[in-house]
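Secondary and tertiary structure notes
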Amino acid sequence: MRRERIRKRSARAIPSLPAEPVSEWEQGWNQGYRLGKDKGKHDGLCQWIYANSSQAPIKRQWDIKVMFVQAQGSPYHSLDQGIEDALRAVVREVHVVSPEDHVAVLAEELRPDLVLVLDAIGRSFSTEQVDVMRSNGIRTAVWLPDDPYHSDQTIRLAPHYDYVFTLEKSCVQLYQDLGCKAVFYLPLAVNPLFTHYSEVDESYRSDICFIGSAFWNRVALFDELADYLSDKNVKIIGWWWDRMKHYDKLKDKIQGYWLSPQDTAKHYSGAKIVINLHRSAEDASHNHNSRLIPAHSVNPRLFEISACGTLQLVDERPELVHLYTPGVDMISFNSADDLKNKIDYYLTHEEERREIVRRSLFRTVNEHTYKNRLSRLLELVFG
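Residues numbered from 1 in each chain as written. Predicted model: local features only at pLDDT ≥ 70, side-chain atom pairs only at ≥ 80, totals over all residues. Heavy atoms only, no water.

Here we take up the layout of surface pockets. Estimates place the volume of the largest pocket at around 950 Å³. In terms of lining residues, the largest pocket is bounded by 42 residues, among which P75, D146, W258, P300 and R301 are the most central. Of the residues forming the lining of the largest pocket, the biggest block, four residues, is contributed by helix α10 (residues 261–270). The residue makeup of the lining of the largest pocket, split by class, is 20 nonpolar, 14 polar and eight charged. Empty space within the second largest pocket amounts to approximately 660 Å³. What lines the second largest pocket is a set of 29 residues, among which S53, V365, T369, K371 and N372 lie closest to the centre. Put simply, the parts of the chain that give the lining of the second largest pocket at least two residues each are α2 (24–54), α3 (77–90), α13 (350–367) and α14 (370–382). (1 Å grid on protein atoms, 1.4 Å probe; cavity = no way out; pocket = protein on both sides within 12 Å on 5 of 7 lines; lining within 4 Å. Points joined across faces, edges and corners; volume = space filled by probe spheres on them. Helix = DSSP H or I, 4+ residues; strand = E, 2+ residues; numbered from the N terminus. Nonpolar A, V, L, I, M, F, W, Y, C, P; charged D, E, K, R; others polar.)

As structure tokens, then:
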């Protein structure tokens, strides 16, 4: 016991040695190692989420033949691709055609169980062909991806179809009032095998990214943010941004062209934060919505950004809370000041940002894919 007390006293008596100074190079190496390790962990978890969802069995296979009439046009490539791939996964036979084809003639030859039309305003599919197919006993359905912004046109299209699917919940009553007997709210979605996170080079990297056309409500927001964003690592990509009042403050951060879905996904992957601001339903200069039908539902970009494994800050919409849980797997904002505060917070809270990203990615690839949506559409049509 006496020897033990002596050893303890001796140990206490030995002063601790000062830590050897760490060079700036060593400090940088340690910090880089830690950041790289954290990023590697995050990337690995995201890849596990993708793999886990892709291996999940399809709930139901449909022994039917579907003819799919694509929307076509650059804004709709990812929608066309997502729907086609999902149909090929869940039904026996798929025939993909262009809206410019003689679809009614092809349908009479092939006798599909369903003709599904993705009708993009500006390339509207001929309603005369729809009428011919229905008169020949072929079931038809339309999925409208631009509601409510072009409702003045869609009210002329919808009554020609057996089934009407709209991504805007507030349009359901509109089509029912027109006499459409089978109208359903069905949001768009994402194909995570096509739109997903990828490792990108420096040209795609940013702290803050926005991709989209400069509709007037977006111009107003970015004019309000111009001073705040002027010294940030920001990318803004899309048409018409030169009409901002404060364009000169951000012009070196703006790229005025349209991106392919593949390049869009790369920019999302390379950003720490992506802003998603929906267009306004009241913008008369860009919309054909004379009834001023409100926009309550979300755009397909919501799902595409989430599928790319990045944090999304999205403006509040009533339907958002039915798809994600704000503050848990989605972060919303309600003003320019709120957006600035959340950008500042999440750029400086790396792990919290990544945790939200992973929760959002998990929910997206398990609940908000085109396979899910097409399964629901077929259930509604065939029971």
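Here we take up the pattern of salt bridges. For side chains bearing opposite charge, pairing can occur when the charged atoms are close. With the rule as written, the count across this model stands at 24 salt bridges. Taking the shortest distance from any N to any O, the salt bridge between D63 and R92 comes out at 2.5 Å. With D63 in strand β1 (residues 62–69) and R92 in strand β2 (residues 91–97), this pair connects stretches of sequence that are 29 residues apart. Residue class for D63 comes out exposed when judged on its relative accessible area of 62%. Overall, R92 belongs to the partly exposed group, its relative accessible area being 48%. (Salt bridge = Lys/Arg side-chain N within 4 Å of Asp/Glu carboxyl O. Buried < 20%, exposed > 50% of the residue type's maximum accessible area, 1.4 Å probe, protein only.)

One can describe the packing of α3 onto α14 by two numbers: an axis separation of 9 Å at closest approach and a directional angle of 65°. Here α14 runs roughly perpendicular to α3, going by the angle between their axes. In this structure, α3 crosses over α14, and the sense of that crossing is right-handed. From α3, S78, L79, G82, I83, A86, L87, A89 and V90 reach across to α14, where they touch Y370, K371, L374, S375 and L378. For the contact of α3 with α14, a count of residues per class yields nine nonpolar, three polar and one charged. (Axes fitted to C-alpha atoms, helices over the stretch in contact; angles between N-to-C directions. Parallel < 35°, antiparallel > 145°, perpendicular 65-115°, else oblique. Left-handed = near helix turned anticlockwise from the far one by under 90°. Contact = heavy atoms within 4.5 Å.)

As a further point, take a nonpolar patch on the surface. Together, W239, W240, Y257 and W258 give the surface a local cluster of nonpolar side chains, amounting to about 400 Å² of exposed area. Structurally, W240 can be placed in the loop between β8 (234–237) and α9 (247–250). (Patch = residues over 30% accessible without salt bridge, like charges linked within 9 Å, V, L, I, M, F, W, Y side chains within 5 Å. Areas by Shrake-Rupley, 256 points an atom, 1.4 Å probe, with all protein chains shown as cover.)

The subject of this paragraph is the pairing of strand β11 (residues 311–315). Of all five residues making up β11, five are buried, and the element is well covered by its neighbours. As paired elements, strand β10 (residues 271–276) and β11 share four bridges and run parallel to each other. Of the residues in β11, the one forming a bridge with I275 is L313. At this point the chain moves from β10, through helix α11 (residues 301–307), to the parallel β11, and the crossover so formed is right-handed. (Pairing = 2+ DSSP bridges. Right-handed = clockwise from strand over helix to strand, strands pointing away.)

Below, the discussion takes up the confidence of the model for the chain. Interpretation of this model should avoid reading the predicted coordinates in detail wherever pLDDT is low. Confidence along the chain averages 91 in pLDDT terms, with 90% of residues attaining 70 or more. Counted against residues more than four places away or in other chains, residues 1–14, with its pLDDT under 50, gives zero contacts. (pLDDT = per-residue confidence, 0-100.)

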